[in-house]
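Structural characterization, general
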Amino acid sequence: MRRRPPLNTHELAVIALEFRRAIEKSSVRRHAKIMGRFPVGCCKHASQLLARYLVTELHTPLVTFIHGERGGSGNGDPWQSHVWLSVNEHTLDITADQYPEIDSPVVVSVGSGWHSTWRRQRRLTYGEMMTFDFWDRLRFHRMYNAVLRSMNNQPPPRVQYPLRNAGPPAEAV
């Protein structure tokens, strides 16, 4: 079996946006109350769902979780925690817009950017984050299947980008 090349930034952005839209349109809220206010408070669950999709459906290697914390140091800032994914050198976050400083529904970048503001960062492996007890595993599988069904029922996202060295359109003959 030939290994496919790693996904590039554009491919990851399209996948992340499509997955985010699938979560929003799915019945996932029925399976977990925490998902009822998506994206607020859903970073761990959404990251787990996206990681499962990347690993099992797209066979993407090197998917890791990053858990960061900020605030709570006594200067009046509330303590906050956040979870996002790292894929090769890319940062993938489909719930960053729950924070006021982010207005894009999906953040995909090379490097950390805004994510570097999160201190006390810990890298967690796929295995560490995807270990569930019986009831959590059952709930996770129901959520995941709901998102997959939603993905199969939606048109692909319209992402336009300029083509390099694209000349004028060919003339009709």
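Structure: see above.
What comes next concerns the included structure.

Calculation rules
- Residues numbered from 1 in each chain as written.
- Predicted model: local features only at pLDDT ≥ 70, side-chain atom pairs only at ≥ 80, totals over all residues.
- Heavy atoms only, no water.
- Pairing = 2+ DSSP bridges.
- Helix = DSSP H or I, 4+ residues; strand = E, 2+ residues; numbered from the N terminus.
- Axes fitted to C-alpha atoms, helices over the stretch in contact; angles between N-to-C directions.
- Contact = heavy atoms within 4.5 Å.
- Core = buried A, V, L, I, M, F, W, Y, C linked by side-chain atoms within 4.5 Å.
- Buried < 20%, exposed > 50% of the residue type's maximum accessible area, 1.4 Å probe, protein only.
- Parallel < 35°, antiparallel > 145°, perpendicular 65-115°, else oblique.
- Nonpolar A, V, L, I, M, F, W, Y, C, P; charged D, E, K, R; others polar.

Let's shift gears to the sheet that holds strand E4 (residues 107–110). Read from one edge to the other, the open sheet built from five strands follows the order E4-E3-E2-E1-E5, with strand pairing classed as antiparallel. Only two strands of the sheet have a single partner each, and these edge strands are E4 and strand E5 (119–124). Sheet twist, expressed as the average angle between the axes of neighbouring strands with direction ignored, equals 25 degrees. On the sheet, helix H2 (residues 43–57) packs against strand E1 (63–70), strand E2 (80–87) and strand E3 (90–93) and is oriented at approximately 10 degrees with respect to E2.

Quick look at the nonpolar core now. Looking at soluble globular proteins, one finds that nonpolar side chains tend to be buried together. By size, the foremost hydrophobic cluster in this structure holds 39 residues, and its most contacted members are Phe19, Ile23, Met35 and Leu49. Those elements that provide at least two residues to this core are helix H1 (9–25), H2, E1, E2 and helix H4 (134–152). Of all hydrophobic cores here, the second largest spans eight residues; its members include Tyr99, Ile102, Val107 and Trp118.

Right, let's talk about the packing of H1 against H4 for a bit. What describes two packed helices is the angle between their axes and the distance between those same axes. Where H1 contacts H4, the axes come no closer than 8 Å and their chain directions differ by 110 degrees. Overall, the two elements H1 and H4 adopt an arrangement that is roughly perpendicular. Residues Glu18, Phe19, Ala22, Ile23 and Lys25 of H1 pack against Val147, Ser150 and Met151 of H4. Its residues assigned to classes, the contact of H1 with H4 comprises five nonpolar, one polar and two charged.

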